[in-house]
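Residues per chain are reported as follows:
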Amino acid sequence: MYGFIGNIDRWLKTLFIQGGADLNFMNNSIKVDYKTILQIIAPTACEENFDLDDIFDF
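On to the environment of F25, then. On the secondary structure map, F25 appears in the loop between α1 (4-18) and α2 (27-41). Spatially, the C-alpha atoms of F25 and L15 are 9.5 Å apart, while their sequence positions differ by 10 residues. Setting aside its immediate chain neighbours within four residues, F25 contacts R10, W11, T14 and L15.

This brings us to a nonpolar patch on the surface. The grouping of F4, I5, Y34, I37, L38, I40 and I41 at the surface amounts to a nonpolar patch, some 720 Å² of accessible area in total. At the level of elements, α1 and α2 are the ones that each hand at least two residues to the nonpolar patch. By the secondary structure assignment, L38 is in helix α2. For L38, a relative accessible area of 40% puts it in the partly exposed group.

In this section: the environment of L15. Here L15 is to be found in helix α1. Ignoring anything within four residues of it in the chain, the contact list for L15 reads A21, D22, L23 and F25.

This brings us to α1. Relative to the 21 Å expected for 15 residues at 1.5 Å per residue, α1 spans 20 Å between its end C-alpha atoms, a close match to the ideal helical length. Within α1 the residues assigned to the buried category are G6, N7, T14 and L15. The arc that holds the buried residues of α1, viewed along the axis, is 150 degrees, so those residues lie on one side. Away from its buried face, by an angle of more than 90 degrees, α1 presents the exposed residues I5, F16 and I17. At its buried positions, α1 is contacted by α2. Where α1 terminates, the next one or two residues include G19, which has phi positive at roughly 75 degrees.

Procedures and definitions
Residues numbered from 1 in each chain as written. Predicted model: local features only at pLDDT ≥ 70, side-chain atom pairs only at ≥ 80, totals over all residues. Heavy atoms only, no water. Helix = DSSP H or I, 4+ residues; strand = E, 2+ residues; numbered from the N terminus. Contact = heavy atoms within 4.5 Å. Patch = residues over 30% accessible without salt bridge, like charges linked within 9 Å, V, L, I, M, F, W, Y side chains within 5 Å. Areas by Shrake-Rupley, 256 points an atom, 1.4 Å probe, with all protein chains shown as cover. Salt bridge = Lys/Arg side-chain N within 4 Å of Asp/Glu carboxyl O. Buried < 20%, exposed > 50% of the residue type's maximum accessible area, 1.4 Å probe, protein only. Expected span 1.5 Å × (residues − 1). Arc of directions from axis to C-beta.

Geometry only, nothing functional implied.
Laid out in structure tokens, this is it:
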């Protein structure tokens, strides 16, 4: 259970159950997870001039 959900769980447990951690201690991990999820949900186009007919151009 690693990844975004695991990091959120770890962040919540460390801050509110165990205590003593800085609020921003996992910012980098959560930002990377967020960017990964965003890329899956709304991927950016790799090629601007991609034509599906080019696949079948033998």
